[in-house]
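# Notes for the structure review
Next come the chains, spelled out residue by residue.
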Amino acid sequence: SFMYALVGGLASTVVSVMAGYGFAKYRFRGKRLYFNIVLGALMIPATALVIPTFLLMSRVNMTDTYWAVLLPLLLNPFGVYLMRVYCSESLPDEMIEAARVDGAGEFRTFLTVSLPIMTPASTTVLLLSVVGAWNHFFLPSVVLTHPNLFPITVGLSQWQVRSSAG
C-alpha cells in the first residue's frame, strides 16, 4: 500500500505539474481542445473506467502486476487543472522570459524559476494524489488476483470476507 500510494502519488504529481505548466505557459496547436478533454475527464467517475482499464491491461498482459495499478494512477485530471490554474495566476511570464534572456534553457528555467513558485500547488497535488492512491479500492480488486500484490484496502476486505465465511 505504501508503495502504491507513494510511487503513484509522486508519479501523478510529476505528470500533473508538467502538464499544468505546459498548458499554462506554452502555445501549441490544439491546446484548448486538449485542455477541454482534461476538463471532460473530470466528469467521468473513476469506477466507470475500471472495466475498460482491466480490458486494456489484460490485452497487454499487465493484469496481476504492480503496473496495472500504478499506470492508471498517473493520470490525474484534477491535478492538471489545479496546476494550470496556479501557473497561470501565480507564475509571471516576465520571470520565465528573464531566465531565457539570461541564457537558461527550458529545463533549467522550469527547475530553478518555475518549480519553486509552484511548490504550494505541487504539494497540494501530491497530498491529494497520495491519499487518492491509498484509498484506491475498486481498480486493484479487479486487476489483481495475487494476495501479495493487494493494497491494504483490498487485502483487509478479502481477509474480512474469508474470515466471516469460515
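This text gives an overview of the structure that appears in the document. Keep in mind the model is a prediction, meaning the values are calculated, not measured. (Residues numbered from 1 in each chain as written. Predicted model: local features only at pLDDT ≥ 70, side-chain atom pairs only at ≥ 80, totals over all residues. Heavy atoms only, no water.)

Per the secondary structure count, the protein includes 10 helices and zero strands. For the protein, the α and β elements follow one another from N to C terminus as α-α-α-α-α-α-α-α-α-α. With the principal axes as the frame, the protein shows a C-alpha extent of 70 × 30 × 25 Å. Looking at the protein as a whole, 30% of its 166 residues are labelled buried. Considering only contacts in the protein between residues 6 or more positions apart, those separated by 24 or more positions represent 75%. (Helix = DSSP H or I, 4+ residues; strand = E, 2+ residues; numbered from the N terminus. Buried < 20%, exposed > 50% of the residue type's maximum accessible area, 1.4 Å probe, protein only. Contact = heavy atoms within 4.5 Å.)

As a further point, take the packing of aromatic side chains. Per the counting criterion, the structure on display carries eight aromatic pairs. Seen in terms of ring centroids, Y4 and Y66 are 5.8 Å apart; in terms of plane orientation they differ by 55°. Their pairing is tilted. Here Y4 is found in helix α1 (residues 2–25), whereas its partner Y66 is found in helix α4 (residues 66–73), with 62 residues between them in sequence. Residue Y4 is classed as buried on the basis of its relative accessible area of 3%. Here Y21 and Y26 contribute two aromatic rings whose centre-to-centre distance is 5.8 Å and whose plane-to-plane angle is 80°, an arrangement assigned as edge-to-face. (Phe/Tyr/Trp six-rings, centres within 6.5 Å; stacked < 30°, edge-to-face > 60°.)

A separate point is the pattern of salt bridges. A complete count under the given rule lists three salt bridges for this structure. The shortest N-O distance in the salt bridge between K25 and D93 comes to 2.7 Å. Of this pair, K25 sits in helix α1 while D93 sits in helix α6 (residues 93–101); the two residues are 68 residues apart in sequence, bridging distant segments of the chain. On the basis of relative accessible area, D93 is assigned to the partly exposed category, the value being 45%. (Salt bridge = Lys/Arg side-chain N within 4 Å of Asp/Glu carboxyl O.)

Once that is clear, we can look at the packing of α1 against helix α8 (residues 119–134). Contact geometry for α1 and α8: axes closest at 8 Å, N-to-C directions at 140°. With respect to each other, α1 and α8 are oriented oblique. For α1 against α8, the interelement crossing comes out right-handed. Between α1 and α8, the residues in contact are F2, Y4, A5, G9, L10, S12, T13, S16 and V17 and S122, V125, L126, S129, V130, A133 and W134, respectively. Across the contact of α1 with α8, the residue classes break down as 10 nonpolar, six polar and no charged. (Axes fitted to C-alpha atoms, helices over the stretch in contact; angles between N-to-C directions. Parallel < 35°, antiparallel > 145°, perpendicular 65-115°, else oblique. Left-handed = near helix turned anticlockwise from the far one by under 90°. Nonpolar A, V, L, I, M, F, W, Y, C, P; charged D, E, K, R; others polar.)

Here we come to α4. All of the buried residues in α4 are A68, V69, L70 and L73. Lining the buried residues of α4 we find α1, α3 (50–59), α8 and α9 (138–143).

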